[in-house]
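Listed below are the residues making up each chain.
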Amino acid sequence: MNKFDLIVIGGGPGGYVAAIYAAQKGLKTALVEKADLGGVCLNWGCIPTKALAKNAEILRMVKEADKYGIALNGSGIKADYAVAQKRSREVSGKLTMGIKSLMKKNKVTVFQGEANLINGTSLKIAPSGEILEAKNIILATGAHAFRIPGIDYSNPQIMTSKEALELTQVNPGDQIVVIGAGAIGMEFSSIWDSYGAEVTVIEMLPHLLPNEDSDVSKEIEKAFKKRGIKFKVETKVNAVVADKNKLNLTIDEKGKTETIICDRLLVSAGIRPNVEGIGLEKAGVKLTDRGYVQVNNQLQTTCPSVYAIGDVTGKLALAHVASAQALAAVHGILGEPVKQFNYVNMPRCTYTYPEAASVGLTEDQARKSGYDVKVGIFPLAANGKSVAMNETGGFVKIVADTKYNEILGVHLIGAHVTELITAATSYIDLEFTADDIAQVVHPHPSVSEAIMEAAHAVVGHAIHI
Amino acid sequence: MAKLMNMPKIGVNMTDGTVTEWYVNEGDEVKFGEMALAAETDKDVQDIPADQSGTVLKIIAQVGDNVECHKPLAIVGTPGENIDSLLAEISGSGATSAAVEASVAPAAAPAQAAEAVEKSPTGRVPVSPLAKKMAKDMGIDLSNVKYGGVRVTKADILAYQETPQPTMTAPVTATVVSSSTGVQNTIPYEGIRRKIGSRMTESVVTKPWAALTVAVDMTKAIEWRKRVNDLADIKVGFNEMVAKACSRALQEFPMMNSQLAADGTEIYEMEDINIGIAVNTDRGLMVPVLKNVAAKGVVELARDFASLVIRTKEQENIPGDLSGATFTISNLGSRGIASFRAVINPPECGILALAATVKTPVVVDDEIVIRPMMNITLSFDHRIVDGDYAAQFVAYIGTLLEDPMKILM
């Protein structure tokens, strides 16, 4: 009875998509999940943080209401973070239920527990002890937050992203330090600042959002400064010591040692793959030097019957990349042509205020790759809809190659720009040149016009600057 | 399955051919690479090789018909096969072979025929805007480009560019070698080997070349190089010195720095002097290019060349490293070669072959003295320049090397 065509280990946006798609394609499919369907993304990442970000946005709007002639009479503004947190859990819960029903609808058999490979075609589930067999296995075990060593994570004041989502109290004046200025750290900083906390971001590299185009980094730094969010770049945390109900952090800022005191600490310094305790060695699944599961361009591991997708492959730890890999892996298993990914051209979003979104190469990367780079920038301050919305911070930046005006990268920063990056991603995927984008009629008034204007800037001149 | 046998493009300038004679009749066997007909092309009446193997089921292009490259000449397959659909496809465009529209599968390249591109029924090749721009710029016929996805992309164009077009090598397959005749070891003819092969064939087939040799007394050049190396912080080689001398000579003789347009209607005198230097690597012959040689001193050239060679050997070339040359130098001196003629690197007009510098008795002022002599041989494209012009050019290089001070003058 426990024989399948395919077993997927892990029910995140890689695993559950693979299971559904395989079942739709006629494979008898099982999925093993140790916690909740939906994985980190749905339960402890992308989705609940977006719910919190929405609460934060409303709070910011209410605080600014008087600017728009809206008076709040009565006892002032009272923001209850516990309600926001509760809403974020409800959103996750609702979507998890949705995945559960999709599993049922597509006749994917879900096993609750931890999978341990016996070999490349069978595994044992703990604690039930059930043994499953399949022709193919997809590893979609995901990743977990990296815990910087030397910090006592049993202290409830010290959090990784998961504990940060369990946090029910954030009050004005709370001092919170965030280690790591990547998407996760920056998003929590933005949310907690909106709730009045005094946030300090600490980053080892020279800029906030260090993987983004340097102009985007500079713009978010400008915006954070304006909001009063403190940050220290080229700074390391050397020690964290609990002192009564405070935390003392010894930091090294460009060679200068300093102590900062805070109430809470979020460690968001990257992720590590979930490769332990799955029995990879028994199936002959090898890891890369960096400790991720090694896959070929068909997403096949060193054990031919076993595939791997998502964060555990270390390609690009984003939910939509995992989902895309899921479809590709199923194609591979079915012997169909497998789409070859160019991971550079995957969209990347950060849901801070303002938001940042990008696809393709940064200007620096393009120059280092030897392209003859040409840049077109259009500031949102010159975009009608942005002015009307009173959201004029940010810009659209297009990085192109001079010869054919080939689009190498598109970088956006501004309110809600994560919704716009899809257009830029399509343009790059379809190999539009700047000339082509400039010729596409974009709707007016819309923020998306700024992409067209930036393309005009690459080709010659933007109209509105 | 029956296939179209198309007019191959032999030679870069060929656009079409008029059938003058068929060597095979319907019912005869043809083999890929064997001469099947004669046609008048841009050059002359030439033998045209079959780009398919099989039995000729139907001859479409009759004697006197003009057929564009990659358009059908005949249908080839197995006897008794139904060819109605192919015929319908051809006549569907309402024309004779001479006017067959692109609605017929146009892939002529034999190597590609087997894995032929699926052509859209409209004959339009789906292509991304970027790939379209690139193809136009590079003069690539999109109907020949193989693509894996739903349309031709940049990657497909780059892959096409990397793969030499087999039709180019077809005309020289005079003797058909088959794998059954005493072959000891079979090596795939592919990648760089094949690319070099097609470039060489293109050169020899399209360029009416001639060669001129000059013996150069290298006494002063050796001294000069020694002096330069005493002063410079990098070792300057003979190649860089000769490149510098060539650039001086190319400034004086700009037609040697010219190229014939692909359509053969114009000669382009090139603005920059970019000199390629042939380098042997593990992968085969590569030609890294020194850019804008006229504007640089030998020390700067030596520095450029050193990093070019490293990048080329490590396969880490950046765009432009291996392209854009307007003249080439090939040096086999270190192998003790007395003199040789190098094959011109198309579309350039000339290549200078440097032989070994050998102590040789020569007559100076009616006395026999021993001098380090080097033979330099210029191969040039006779379509662009005549022998006298080329002779002046190569003699001038000799003069410059015999007294390198003149390079500065």
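No experiment lies behind these values; they were computed from the predicted model shown.

Participant: Whenever I open this one, the overall build of chain A confuses me. Can you help?
Facilitator: When helices and strands are counted, chain A shows 14 helices and 22 strands. When the accessible area of chain A is evaluated, it comes to approximately 21100 Å², of which 54% is carbon and sulfur surface.

Participant: Sorry if this is basic, but what is going on with the overall build of chain B here?
Facilitator: Looking only at helices and strands, chain B has 10 helices and 18 strands in total. Looking at chain B residue by residue over its 409 residues, the buried ones come to 44%. At a minimum sequence separation of 6, the contacts of chain B that also span at least 24 residues come to 62%. For chain B, the accessible area works out to roughly 20400 Å², and carbon and sulfur atoms hold 52% of it.

Participant: Got a minute to help me understand unusual backbone geometry in this structure?
Facilitator: Most peptide bonds are trans, and most residues other than glycine sit at a negative phi. Note the cis peptide between alanine 126 of chain A and proline 127 of chain A, where omega equals 5°. Position of proline 127 of chain A relative to the elements: it lies in the loop between strand S5 (122-126) and strand S6 (131-139). With an omega of 0°, the peptide bond running from tyrosine 353 of chain A to proline 354 of chain A counts as cis. Tracing the sequence through the fold places proline 354 of chain A in the loop between strand S18 (348-350) and strand S19 (355-360). Look at leucine 209 of chain A: it is not a glycine, yet its phi comes out positive at around 40°. The buried category is assigned to leucine 209 of chain A, whose relative accessible area is 4%. Its identity is not glycine, yet aspartate 366 of chain B carries a phi of approximately 65°, on the positive side. Within the secondary structure layout, aspartate 366 of chain B lies in the loop between strand S17 (350-364) and strand S18 (367-381).

Participant: Honestly, a nonpolar patch on the surface in this entry has me stumped. Any pointers?
Facilitator: All names here are of chain A. On the surface, Tyr68, Ile70, Leu72 and Ile77 cluster together into a nonpolar patch covering about 390 Å² of accessible area. With respect to the helices and strands, isoleucine 70 occurs in the loop between helix H3 (46-63) and helix H4 (81-105). The exposure class assigned to isoleucine 70 is partly exposed, which follows from its relative accessible area of 48%.

Participant: Can you walk me through the pairing of S17 of chain B in this structure?
Facilitator: A regular strand places its side chains on the two faces of the sheet in alternate fashion. All names here are of chain B. In terms of strand pairing, strand S16 (residues 327-331) meets S17 through 4 bridges, oriented parallel. Paired with asparagine 331 across the bridge in S17 is leucine 354. As defined by bridge partners, S17 adjoins S18 across 13 bridges and the pair is classed as antiparallel. Directly across from valine 358, in S18, lies its bridge partner methionine 373.

Participant: How should the interface of chain B and chain A be read in this particular structure?
Facilitator: Where interface size is quoted, it is often the accessible area lost as the parts come together. Each partner contributes to the interface: chain B provides 13 residues, whereas chain A provides 14 residues. Between chain B and chain A lies a buried interface of about 1000 Å² when both sides are counted; carbon and sulfur atoms form 54% of it. Contact with chain A buries surface across chain B, with Pro129, Leu130 and Lys133 of chain B losing the most and accounting together for 49% of the total. Lysine 133 of chain B serves as the salt-bridge partner of aspartate 435 of chain A, at 2.7 Å between the closest nitrogen and oxygen.

Participant: Got a minute to help me understand the pattern of salt bridges in this structure?
Facilitator: Between side chains of opposite charge, a pair can form when the charged atoms approach closely. In total, this model carries 27 salt bridges over all chains according to the counting rule given. The partner of lysine 403 of chain A in a salt bridge is aspartate 137 of chain B, with the nearest N and O atoms 3.6 Å apart. Of this pair, lysine 403 of chain A sits in the loop between strand S21 (395-401) and strand S22 (406-414) while aspartate 137 of chain B sits in helix H3 (residues 129-138), on two different chains. By relative accessible area, lysine 403 of chain A is classed as exposed at 58%. Among the ionic contacts, a cluster of salt bridges with common partners joins Asp213, Asp215, Glu363, Arg367 and Lys397 of chain A.

Participant: What is the right way to look at the sheet that holds strand S11 (residues 230-232) of chain A in this model?
Facilitator: Strands in a sheet are paired, the pairing made by backbone hydrogen bonds, and the direction either parallel or antiparallel. All names here are of chain A. Ordered by their spatial adjacency, 5 strands build an open sheet running S8-S15-S9-S10-S11, and the pairing between neighbours is parallel. The sheet is open, and its two borders are formed by strand S8 (158-159) and S11, each paired with just one other strand. As defined by bridge partners, strand S9 (residues 175-179) adjoins strand S10 (residues 198-202) across 5 bridges and the pair is classed as parallel. Residue pairing across strands places glutamine 175 opposite glutamate 198, the latter belonging to S10. Seen against the sheet, helix H6 (residues 183-194) touches S8, S9, S10 and strand S15 (264-267) and runs at an angle of roughly 165° to S10.

Participant: Please clarify how the UniProt feature "domain: Peripheral subunit-binding (PSBD)" (unreviewed entry) in chain B should be interpreted in this entry.
Facilitator: Those places that UniProt annotates as "domain: Peripheral subunit-binding (PSBD)" (unreviewed entry) correspond, in this numbering, to residues 126-161 of chain B. For the annotated span residues 126-161 of chain B, helix accounts for 50% and strand for 0% of the residues, and the straight-line distance between the end C-alpha atoms is 18 Å.

Participant: Just checking my understanding: could you explain the environment of alanine 135 of chain B for this structure?
Facilitator: Residues and elements named next belong to chain B. With respect to the helices and strands, alanine 135 occurs in helix H3. On the basis of relative accessibility, which here comes to 1%, the residue alanine 135 falls in the buried class. Alanine 135 sits 22 residues away from isoleucine 157 along the chain, and the two C-alpha atoms are 7.0 Å apart. In this view, alanine 135 contacts Ile140, Leu142 and Ile157; residues no more than four positions away in its chain are not counted.

Participant: Help me understand helix H1 (residues 15-24) of chain A in this model?
Facilitator: Note: α-helices contain 3.6 residues per turn, so residues at a spacing of three or four share the same orientation. Residues and elements named next belong to chain A. The buried fraction of H1 is high, at 9 of 10 residues. For H1, every residue scored as buried is listed here: Gly15, Tyr16, Val17, Ala18, Ala19, Ile20, Tyr21, Ala22 and Ala23. Turning to H1, the residues buried within the fold contact strand S1 (3-9), strand S2 (29-33), helix H2 (39-44), H4, S6 and helix H9 (319-333). In the segment just after H1, glycine 26 is the residue with positive phi, at about 95°.

Participant: What's the story with the packing of aromatic side chains in this structure? I'm lost.
Facilitator: When we look at a pair of aromatic rings, we describe it by the centre distance and by the angle of the planes. For the coordinates displayed, the defined rule picks out 9 aromatic pairs over all chains. When the centroid spacing of 6.0 Å and the interplanar angle of 90° are considered together, the rings of phenylalanine 4 of chain A and phenylalanine 111 of chain A count as edge-to-face. Residue phenylalanine 4 of chain A is located in strand S1, and its partner phenylalanine 111 of chain A is located in strand S3 (residues 109-112); the two are separated by 107 residues in the primary sequence. Taking relative accessible area as the criterion, phenylalanine 111 of chain A reaches 9% and is therefore assigned buried. Plain terms: the ring middles of phenylalanine 327 of chain B and phenylalanine 393 of chain B are 5.7 Å apart, the flat faces sit at 75° to each other, and that makes the pair edge-to-face. Taken as a pair, phenylalanine 327 of chain B in strand S16 and phenylalanine 393 of chain B in helix H9 (residues 387-402) lie far apart in primary sequence, 66 residues in all.

Participant: Just checking my understanding: could you explain helix H8 (residues 298-313) of chain B for this structure?
Facilitator: Residues and elements named next belong to chain B. Over its 16 residues, H8 runs 22 Å from end to end, which matches the ideal 22 Å to within 8%, given 1.5 Å per residue. Along H8, the residues classified as buried are Val298, Leu301, Ala302, Phe305, Leu308, Val309 and Thr312. On an axial view of H8, the arc spanned by its buried residues comes to 130°, and they lie on one face. Those residues of H8 that are buried are in contact with helix H6 (219-231), helix H7 (238-252), strand S12 (275-277), strand S13 (279-281), strand S14 (284-286) and strand S15 (289-290).

Participant: Would you explain the side chain of arginine 348 of chain A in this entry?
Facilitator: Tracing the backbone shows arginine 348 of chain A in strand S18. Buried and unpaired, arginine 348 of chain A has no salt bridge, with glutamate 212 of chain A as the nearest side chain of opposite charge at 4.7 Å.

Participant: How should the nonpolar core be read in this particular structure?
Facilitator: As a rule of thumb, soluble globular proteins bury nonpolar side chains together. Formed by 53 residues in total, the largest nonpolar core has its most connected members in Ile7, Met103, Leu123, Leu132, Ile138, Leu139 and Val293 of chain A. Excluding residues that lie within four positions of it along the chain, leucine 123 of chain A makes contacts with Ile7, Ile9, Val32, Ala115, Asn116, Leu117, Ile118, Glu130, Ile131, Leu132 and Ile137 of chain A. If you look at the next biggest cluster of nonpolar residues, it comprises 46 residues, including Val236, Val298, Ile329 and Phe393 of chain B.

Participant: Would you explain the packing of H3 of chain B against helix H4 (residues 154-162) of chain B in this entry?
Facilitator: Two packed helices can be described by the angle between their axes and the distance between those axes. Residues and elements named next belong to chain B. The contact between H3 and H4 brings their axes to 8 Å, and the two run at 30°. Viewed along their axes, H3 and H4 adopt a mutual orientation that is roughly parallel. For the pair H3 and H4, the contacting residues are Leu130, Ala131, Met134, Ala135 and Met138 in the first and Lys154, Ile157, Leu158 and Gln161 in the second.

Participant: Explain the sheet that holds strand S12 (residues 235-243) of chain A here, please?
Facilitator: All names here are of chain A. Strand order in the open sheet formed by 3 strands is S12-S13-S14, with antiparallel pairing between adjacent strands. The sheet terminates laterally at S12 and strand S14 (256-262), the two strands that pair on one side only. Strand-to-strand twist in this sheet, taken as the mean axis angle between neighbours without regard to direction, amounts to 20°. In this structure, S12 lies alongside strand S13 (residues 246-253), joined through 8 bridges in antiparallel fashion.

Participant: Just to check I follow, could you spell out the pairing of S14 of chain A for this structure?
Facilitator: One ladder, built from 7 bridges, connects S13 of chain A with S14 of chain A; its direction is antiparallel. Each bridged residue has a counterpart across the sheet, and for asparagine 248 of chain A the counterpart in S14 of chain A is isoleucine 261 of chain A.

So, how was this worked out
- Residues numbered from 1 in each chain as written.
- Chains lettered and ligands numbered in written order.
- Predicted model: local features only at pLDDT ≥ 70, side-chain atom pairs only at ≥ 80, totals over all residues.
- Heavy atoms only, no water.
- Helix = DSSP H or I, 4+ residues; strand = E, 2+ residues; numbered from the N terminus.
- Areas by Shrake-Rupley, 256 points an atom, 1.4 Å probe, with all protein chains shown as cover.
- Buried < 20%, exposed > 50% of the residue type's maximum accessible area, 1.4 Å probe, protein only.
- Contact = heavy atoms within 4.5 Å.
- Patch = residues over 30% accessible without salt bridge, like charges linked within 9 Å, V, L, I, M, F, W, Y side chains within 5 Å.
- Salt bridge = Lys/Arg side-chain N within 4 Å of Asp/Glu carboxyl O.
- Pairing = 2+ DSSP bridges.
- Buried area = accessible area lost by both parts, 1.4 Å probe.
- Axes fitted to C-alpha atoms, helices over the stretch in contact; angles between N-to-C directions.
- UniProt positions renumbered as here; feature names shortened; annotations may be inferred.
- Phe/Tyr/Trp six-rings, centres within 6.5 Å; stacked < 30°, edge-to-face > 60°.
- Expected span 1.5 Å × (residues − 1).
- Arc of directions from axis to C-beta.
- Lys, Arg positive; Asp, Glu negative; His and termini not counted.
- Core = buried A, V, L, I, M, F, W, Y, C linked by side-chain atoms within 4.5 Å.
- Parallel < 35°, antiparallel > 145°, perpendicular 65-115°, else oblique.

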